[in-house]
Amino acid sequence: MQHDFTIQTRGQGLYEFTHEVQAWVGASGLGNGLLTLFVCHTSCSLLVQESADPDVQRDLRAYFSRLVPPSSDPSMAYLRHTYEGPDDMPGHIKAAMMPVSLSLPVRSGALVLGTWQGIYLFEHRDAPHRRRVAGHLM
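Right, let's walk through the structure included here. (Residues numbered from 1 in each chain as written. Predicted model: local features only at pLDDT ≥ 70, side-chain atom pairs only at ≥ 80, totals over all residues. Heavy atoms only, no water.)

1. Quick notes on the sheet that holds strand β7 (residues 117-123)
In step 1: The strand order across the open sheet formed by three strands is β2-β7-β4, and the pairing between neighbours is antiparallel. The two strands at the open ends of the sheet, each matched to only one other strand, are β2 (13-16) and β4 (44-50). Each strand of the sheet is rotated relative to its neighbour by a mean of 35 degrees, with strand direction disregarded.
In step 2: Here β4 runs beside β7; their pairing, made up of seven bridges, is antiparallel. When the bridges of β7 are listed, Cys44 appears paired with Glu123. (Pairing = 2+ DSSP bridges. Helix = DSSP H or I, 4+ residues; strand = E, 2+ residues; numbered from the N terminus. Axes fitted to C-alpha atoms, helices over the stretch in contact; angles between N-to-C directions.)

The following block contains the structure:
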């Protein structure tokens, strides 16, 4: 089975879509299997991360913003791909550092996730985007 998830972002940050994925997996009728998620863009990532404390998402965003600042930062003056804005090439770099696909087990019709784990799209661009994540369930 295949399904596309659409995540509307409002700029840089982590956007949880665990519930949408779990609802689709639950409705599939599959007992046990494997779910693959793949983000169809080059400036965002997918993560399994803590879903209980929003400070985790804020700290991750702050960490990666310090690690890879905008191309307007003097430390990034070596970048050539800058015509799509100061957040674009840093977005590509972050996406190259983090996963763009996830494989998650399915047991008894449910995702196998830890108590505090959620599925997130990590948006690396400043502007709002509609992001597509392809799901494949077998």
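Resuming the write-up.
2. Points about the environment of Thr9
In step 1: Looking at the secondary structure, you find Thr9 in the loop between β1 (2-8) and β2.
In step 2: Note: C-alpha distance between Thr9 and Ala27 (18 residues apart in sequence) is 25 Å.
In step 3: Among residues more than four places away in sequence, those in contact with Thr9 are Tyr15, Leu121, Glu123, Ala127, Pro128, His129 and Arg131.
In step 4: A polar contact of 3.1 Å, which involves the side chain of Thr9, links it to the side chain of Glu123. (Contact = heavy atoms within 4.5 Å. Polar contact = N/O pair within 3.5 Å; in protein donor to acceptor, adjacent residues only side chain to side chain.)

3. Looking at the environment of Thr6
In step 1: By secondary structure assignment, the location of Thr6 is in strand β1.
In step 2: Overall, the relative accessible area of 49% leaves Thr6 in the partly exposed class.
In step 3: Taking the C-alpha atoms as reference points, Thr6 and His124, separated by 118 residues in sequence, lie 16 Å from one another.
In step 4: In this structure, Thr6 is in contact with Arg130 and Arg131, ignoring residues within four places of it in sequence. (Buried < 20%, exposed > 50% of the residue type's maximum accessible area, 1.4 Å probe, protein only.)

4. A word on helix α1 (residues 18-28)
An α-helical turn contains 3.6 residues, so any two residues separated by three or four positions project in the same direction.
In step 1: Looking only at α1, the buried set comprises Thr18, Val21, Trp24, Val25 and Ser28. Projected down its long axis, α1 carries its buried residues within an arc of 135 degrees, all on one side. Opposite the buried face of α1, by more than 90 degrees, sit the exposed residues His19 and Ala27.
In step 2: Immediately downstream of α1, the backbone of Gly29 shows phi near 85 degrees, a positive value. (Arc of directions from axis to C-beta.)

5. Topic: helix α2 (residues 54-67)
In step 1: Taking 1.5 Å per residue as the helical rise, α2 with its 14 residues ought to reach 20 Å, and the 20 Å between its terminal C-alpha atoms agrees with that figure.
In step 2: Buried residues of α2: Gln57, Leu60 and Phe64, and no others. Viewed along the axis of α2, the buried residues span an arc of 60 degrees, placing them on a single side of the element. Opposite the packed face of α2, turned more than 90 degrees from it, sit the exposed residues Arg58, Asp59 and Arg66.
In step 3: On its buried side, α2 packs onto β2, β4, α3 (88-97) and β7.
In step 4: Residue Asp53 occupies the N-cap position of α2, its side-chain oxygen lying 2.9 Å from the main-chain nitrogen of Asp55. (Expected span 1.5 Å × (residues − 1).)

6. Observations regarding the side chain of Ser71
In step 1: With respect to the helices and strands, Ser71 occurs in the loop between α2 and α3.
In step 2: Every residue in contact with Ser71, bar those within four places of it in the chain, is listed here: Met76, Leu79, Thr82, Gly85, Pro86 and Pro90.

7. A word on the pairing of strand β8 (residues 130-137)
In step 1: Residue alternation in β8 divides its side chains into a buried set, Arg131, Val133, Gly135 and Leu137, and an unburied set, Arg130, Arg132, Ala134 and His136.
In step 2: As defined by bridge partners, β1 adjoins β8 across seven bridges and the pair is classed as antiparallel. Following the sheet pairing, His3 is matched in β8 by Gly135.
In step 3: Where strand β3 (residues 33-39) and β8 come together, five bridges link them in antiparallel fashion. Within the sheet, the bridge partner assigned to Leu37 lies in β8 and is Gly135.

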